[in-house]
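# Understanding the architecture of this molecule
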Amino acid sequence: MTQDVKEIFAGEAPPAPAALAAKVRTLAPSMTRSMQRVAEAVAGDPAGCAALTVTGLAELTGTSEATVVRTARLLGYPGYRDLRLALAGLAAQQQSGRAPAVTADIAVDDPIADVVAKLAYDEQQTLADTAAGLDTVQLGAAVTALAAARRIDIYGVGASGLVAQDLAQKLLRIGLIAHPHSDPHLAVTNAVQLKAKDVAIAITHSGSTGDVIEPLRVAFERGATTVAITGRPNGPVTQYADHILTTSTARESELRPAAMSSRTSQLLVVDCLFVGVAQRTYETAAPALSASYEALAHRHSPRGRMR
């Protein structure tokens, strides 16, 4: 297990048994193939694997005992013994006939009031974790680059594409030239045009989205200042990033691992960037915001809507 992985999981409690499958799906792309076999085995047959020793699981998956232990630690457990206990708990839960989990904390039969409370708590934790882990030196450097940029390109696909649109719209309202790109072909063809005074931002929770990494690489090679907003500070996207802004990875959803929490944490980082840039460019940003507000005011008044 590398020092980087140890640091990522230092101080974190082992994931609850119900969150194991989501943890496997989230981390599998960053695992070696042998570790993936172990992870897939424990997620697919928790009862069977819970009955196996570390040697037995290694034999079942065609790996080594060291690989089994490394996989357990990467999934958030101090050792294989702790993983076995979680597997036993998950198997017991499945055999008890309790309602299946829709997310790690929410069951199918939960009252809607409980769903609201649990999701609100999850969002709060995601924001707190992101704020605590955000490198303000890196953030300040990114703000400085954006405030002085001739042009800003923002890359994101899927849920991250929505965040890219949000950031672009915010920056446009304070007079900056910003373009969101979710089409990978257009992203690359636009990245080719970037220069030293431009900024390119890649938004990818996994840190390994090829459609986002490729245009960032092109922008990096063209001399633009590059920024990565990612939940994986050691992911492939960061090798082309001058500045790295890390989002929370601790809260995950069974419905779509990390999709909801990643968007929440990304939006917090986006808001921090926007406010920071607005502060740096206040003399031009304030009039620009006022002008955009005035231009749209009639659309929000009863008289304007009747026309």
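These numbers were taken from a predicted model, which means no experiment stands behind them.

### Some remarks on the overall build of the protein chain
A count of helical and extended segments in the protein chain gives 15 helices and five strands. Counting only residues that meet the buried cut, the protein chain has 45% of its 307 residues in that class. Excluding contacts between residues fewer than 6 apart, the proportion of contacts in the protein chain whose partners are at least 24 apart in sequence is 70%. Total accessible area on the protein chain is roughly 15300 Å²; 56% of this is exposed by carbon and sulfur atoms.

### Quick look at the environment of Ser248
Among the structural elements, Ser248 can be located in the loop between strand 5 (243–246) and helix 13 (259–280). For the pair Ser248 and Gly231, spaced 17 residues apart in sequence, the C-alpha separation works out to 5.9 Å. Here Ser248 is in contact with Thr126, Asp129, Thr130, His205 and Ser265, once residues within four sequence places are set aside.

### Considering the side chain of Ser160
Locating Ser160 in the fold gives a position in helix 10 (residues 159–173). By relative accessible area, Ser160 is classed as buried at 9%. Among residues more than four places away in sequence, those in contact with Ser160 are Ile203, Thr204, His205 and Gln266.

### Considering the pattern of salt bridges
Taken as a whole, this structure holds six salt bridges when the rule is applied. The partner of Arg33 in a salt bridge is Glu40, with the nearest N and O atoms 4.0 Å apart. Note that Asp153 and Arg151 form a salt bridge whose closest N and O atoms lie 3.3 Å from each other.

### Things to note about helix 14 (residues 282–297)
For helix 14, built from 16 residues, the straight-helix expectation of 22 Å at 1.5 Å per residue is met to within 8% by its first-to-last C-alpha distance of 22 Å. What helix 14 keeps buried is the set Ala285, Ala288 and Ser292. Along the long axis of helix 14, the arc covered by the buried residues comes to 70°, so they all point the same way. Facing away from the buried side of helix 14, by more than 90 degrees, are the exposed residues Tyr282, Glu283, Tyr293 and Glu294.

### Quick look at the environment of Thr71
Here Thr71 shows up in helix 6 (residues 65–74). For the pair formed by Thr71 and Leu83, sequence separation is 12 residues and the distance between their alpha carbons is 9.6 Å. Not counting chain neighbours up to four residues away, the residues in contact with Thr71 comprise Met31, Met35, Val38 and Ala39.

### A word on the pairing of strand 1 (residues 152–155)
Along strand 1, one buried face is formed by Ile152 and Ile154 and the opposite face, lined by Asp153 and Tyr155, is buried too. In this sheet, strand 2 (residues 178–181) lies alongside strand 1 in parallel orientation, the contact comprising four bridges. Of the residues in strand 2, the one forming a bridge with Tyr155 is His181. Between the parallel elements strand 1 and strand 2, the chain passes through helix 10 in a crossover that is right-handed. In terms of strand pairing, strand 1 meets strand 3 (residues 199–204) through four bridges, oriented parallel. By the bridge assignment, Ile152 is partnered in strand 3 with Val199.

### Points about the packing of helix 5 (residues 54–61) against helix 6
A pair of packed helices can be characterised by two numbers: the angle between their axes and the separation between those axes. As a packed pair, helix 5 and helix 6 sit with axes 8 Å apart at the nearest point and diverge in direction by 100°. It follows that helix 5 is roughly perpendicular to helix 6 by the angle criterion. In this structure, helix 5 contributes Val54, Thr55, Leu57 and Ala58 to the contact, and helix 6 contributes Glu65, Val68 and Val69.

### Some thoughts on the sheet that holds strand 1
Spatial strand order, 2-1-3-4-5: five strands in an open sheet with parallel pairing. The open sheet has two edge strands, strand 2 and strand 5, and neither has a second partner. Across this sheet, the average inter-strand angle for adjacent strands is 15°, counted without regard to direction. As defined by bridge partners, strand 3 adjoins strand 4 (residues 225–230) across six bridges and the pair is classed as parallel. Each bridged residue has a counterpart across the sheet, and for Ile201 the counterpart in strand 4 is Val227.

### Concerning the nonpolar core
Counting 30 residues, the largest nonpolar core has Ile152, Ile154, Leu171, Ile201 and Leu273 as the members making the most contacts within it. Of all elements in the fold, only helix 9 (136–147), strand 1, helix 10, strand 3, strand 4 and helix 13 reach the threshold of two or more residues within this core. Element by element, the count of residues in this core is highest for helix 13, at six residues. Setting aside its immediate chain neighbours within four residues, Ile154 contacts Ala164, Leu167, Ala168, Leu171, His179, Pro180, His181, Ile201 and Ile203.

### A short note on the confidence of the model for the protein chain
In the predicted model, the protein chain carries a mean pLDDT of 84, and 82% of its residues have values of at least 70. Mean pLDDT in the protein chain bottoms out at helix 1 (residues 3–9), which sits at 39, and peaks at strand 1, which reaches 98. When the criterion is pLDDT under 50, residues 1–13 qualifies, and its contacts beyond four places in sequence or with other chains add up to 13 contacts.

### Points about the pairing of strand 4
The element strand 4 is largely enclosed, with a buried count of six among its six residues. The two faces of strand 4 match: Thr225, Val227 and Ile229 on one face and Thr226, Ala228 and Thr230 on the other face are all buried. Bridging between strand 4 and strand 5 involves four bridges; their strand directions are parallel. Residue pairing in the sheet places Thr230 in a bridge with Thr246 of strand 5.

What counts and how
All residue numbers here refer to positions counted from 1 along the written sequence of the relevant chain. At least 70 in pLDDT is required for a residue's local features to be given in this predicted model, at least 80 for side-chain atom pairs to be given and counted, and no such filter applies to totals for whole chains, interfaces and linings, which use all residues. Note: side-chain values were computed over all heavy atoms of the structure, leaving out hydrogens and water. Only DSSP runs of H or I with at least four residues qualify as helices, and only runs of E with at least two residues qualify as strands; both kinds are numbered from the N terminus onward. Only protein chains enter the accessibility calculation, which uses a 1.4 Å probe; a residue whose area is less than 20% of its type maximum is buried, one above 50% is exposed, and one in between is partly exposed. Residue contacts follow a heavy-atom distance rule, with two residues in contact if any of their heavy atoms lie within 4.5 Å. Method for areas: the Shrake-Rupley scheme with a 1.4 Å probe, in which residue coverage is limited to the protein chains shown. The rule for a salt bridge is simple: a side-chain nitrogen of Lys or Arg has to be within 4 Å of a carboxyl oxygen of Asp or Glu. Helices are assigned an expected span. That span is 1.5 Å times one less than the residue count. This arc corresponds to the set of directions leading from the helix axis out to the C-beta atoms. A pair of strands is labelled paired if DSSP reports no fewer than 2 bridges between them. Classification remark: right-handed applies to a crossover when, strands pointing away from the viewer, the course from the first strand over the helix to the second runs clockwise. Only the stretch in contact is used when fitting a helix axis, every axis being a line fitted to C-alpha atoms; angles between N-to-C directions are given from 0 to 180 degrees. Oblique is the label for any angle not covered by the other classes, which are roughly parallel (under 35 degrees), roughly antiparallel (over 145) and roughly perpendicular (65 to 115). For the purposes of this section, nonpolar cores are sets of buried Ala, Val, Leu, Ile, Met, Phe, Trp, Tyr and Cys residues that join through side-chain atoms within 4.5 Å. Within a predicted model, pLDDT stands for the predictor's per-residue confidence, ranging from 0 to 100.

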